[in-house]
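# Chain and residue survey
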Amino acid sequence: MGVYQLFDHEDFGDIAFQQVVKAVNDNHRPNPTIIFPTGGTPEPLYTRIAELRSFFPMFDYINLDQYYGIEYDDPRSYPFEIEQKLLKALKLKPDLQLVFNATAQANHECHRIENAIRHAGGIDIAVIGIGPNGHIAFNEPKTDFNTRAHLVDLTPETIAANQKYCAQFGGVPPQALTLGLGTIMEAKKIILLTNKPEITLRALHGSVTTDVPASVLQRHPNLTVVATPQVGAKLRLAA
Ligand code: F6R
């Protein structure tokens, strides 16, 4: 089991906010590069950031993942969702955003994103979620721990889990572009946001295996877990 710091509280948005701001302050770059995830889990964080926007430091946004083959402003688009829920409130300029173009040739696009991350000096802070099958970003079970940005065939489990967000807009696209596990693990700081007790326990206290992609986080030297009280209780029992 790796070492991580755990913060859990009823007010999930507030503790997540505090941890992200702390990570930015601990990082000594004036405009750190930050990854933010989409989905249901981070919503309280984005609400809190929007409420306290004048206290939130400036940063460069890096897109974590995106369905392949859709336009930027498709209602299912992840970077569009982040723009609507977060970046607009912060008035972050488009030139501070590094986003997958999901209509470009996939390999070319993945190289472009990896090069741009390198050029930006790497990822300072990766805020991520965890899927019911243990995926992080769209790195599905069996993904090699060293992968860089790549095109993924989504598993039936992920497609089923994400229908709640996409059904009314034509369904979950079958493929996605994602930063790789190797790319994410190079972030100086990782903040895992989780409301899923069972899979989080397996990821952080079970064996490190590609069956549970998030288990690679046990190898990260600077991991903070922001959890709901239910998850926190489970993790504490296992520690
Ligand atoms: C989304 C992402 C995914 C989600 C995960 C959990 O950008 O990277 O890995 O974090 O699927 O989604 P929710 O929070 O909706 O349960």
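Keep in mind the model is a prediction, meaning the values are calculated, not measured.

## Some remarks on helix α2 (residues 43–51)
- Looking at α2, one finds that the buried residues are L45, Y46 and I49. Seen along its axis, α2 keeps its buried residues to an arc of 95 degrees; they face one direction.
- Where α2 is buried, its residues touch α1 (12–26), β2 (33–36), α3 (78–90), β6 (125–128) and β9 (189–194).

## A closer look at the sheet that holds β9
- One open sheet holds the 7 strands; their spatial order is β1-β10-β9-β6-β2-β3-β5, and the pairing between them is parallel. Of all the strands in the sheet, the pair left with one neighbour each is β1 (5–8) and β5 (97–98).
- Looking at chain direction, β9 and strand β10 (residues 223–227) are connected through 5 bridges and run parallel. Its bridge partner lying in β10, I191 is registered against T224.
- Together, β2, β3 (60–63) and β5 form the strand contacts of α3, whose direction differs from that of β3 by roughly 150 degrees.

## What about the packing of α2 against α3?
- Two numbers describe how α2 lies on α3: the axes approach to 9 Å, and their chain directions differ by 20 degrees. Relative to α3, α2 is oriented roughly parallel. In this structure, the crossing between α2 and α3 has a hand that is left-handed. Between α2 and α3, the contacting residues are E43, Y46, I49 and A50 on the first element and I82, K85, L86, A89 and L90 on the second.
- When its residues are assigned to classes, the contact of α2 with α3 shows 7 nonpolar, no polar and 2 charged.

## Some points on the site of the ligand
- Around the ligand, the surrounding shell holds 15 residues, and the nearest of these are T41, D65, H135, Y165 and K196.
- Between the ligand and D65, the relevant distance is 2.8 Å, taken from an oxygen atom to a side-chain nitrogen or oxygen of the residue.
- Residue Y165 places a side-chain N or O atom 2.5 Å away from an oxygen atom belonging to the ligand.
- When the ligand is considered free in solution it has 410 Å² of accessible area, and contact with the protein chains removes 94% of it.
- Tallied by class, the residues present in the shell around the ligand amount to 6 nonpolar, 7 polar and 2 charged.

## Quick word on helix α5 (residues 156–166)
- Taken together, the buried positions of α5 are occupied by T158, A161, N162 and C166. The buried side chains of α5 occupy one side of the element, clustering within an arc of 145 degrees when seen end-on. In α5, the exposed residues that point more than 90 degrees away from the buried face are P156, A160 and K164.
- Taken together, the buried residues of α5 touch β4 (65–67) and α3.

## What about the nonpolar core?
- Among the nonpolar cores identified, the biggest contains 38 residues, and I128, L179, I190 and L217 are the most heavily contacted of them.
- Sorting elements by how many residues they give to this core places helix α4 (residues 106–119) first, with 4 residues.
- Grouped together as the second largest cluster of nonpolar side chains are 27 residues, F12, L45, L86 and L92 included.

## Re the pairing of β6
- Alternating residues of β6 divide into I125 and V127 and A126 and I128, and every residue in both groups is buried.
- Two elements, β2 and β6, share 2 bridges in a ladder whose sense is parallel. Looking at the pairing, I34 lines up with I125 of β6.
- Pairing between β6 and β9: 4 bridges, direction parallel. Looking at β9, one finds that A126 is bridged to I190.

## Some words on the sheet that holds strand β7 (residues 150–153)
- Taken together, the 3 strands give an open sheet; going across it, the order is β4-β8-β7, and neighbouring strands pair in antiparallel fashion. In this open sheet, the two edge strands, each paired with only one partner strand, are β4 and β7. On average, each strand axis in the sheet is tilted by 25 degrees relative to the strand beside it, whichever way the strands run.
- The pairing of β4 with strand β8 (residues 175–178) spans 3 bridges and is classified as antiparallel. The residue of β8 that forms the bridge with D65 is T178.

The rules behind these values
- Residues numbered from 1 in each chain as written.
- Predicted model: local features only at pLDDT ≥ 70, side-chain atom pairs only at ≥ 80, totals over all residues.
- Heavy atoms only, no water.
- Buried < 20%, exposed > 50% of the residue type's maximum accessible area, 1.4 Å probe, protein only.
- Helix = DSSP H or I, 4+ residues; strand = E, 2+ residues; numbered from the N terminus.
- Arc of directions from axis to C-beta.
- Contact = heavy atoms within 4.5 Å.
- Pairing = 2+ DSSP bridges.
- Axes fitted to C-alpha atoms, helices over the stretch in contact; angles between N-to-C directions.
- Parallel < 35°, antiparallel > 145°, perpendicular 65-115°, else oblique.
- Left-handed = near helix turned anticlockwise from the far one by under 90°.
- Nonpolar A, V, L, I, M, F, W, Y, C, P; charged D, E, K, R; others polar.
- Near = heavy atom within 4 Å.
- Polar contact = N/O pair within 3.5 Å; in protein donor to acceptor, adjacent residues only side chain to side chain.
- Areas by Shrake-Rupley, 256 points an atom, 1.4 Å probe, with all protein chains shown as cover.
- Core = buried A, V, L, I, M, F, W, Y, C linked by side-chain atoms within 4.5 Å.

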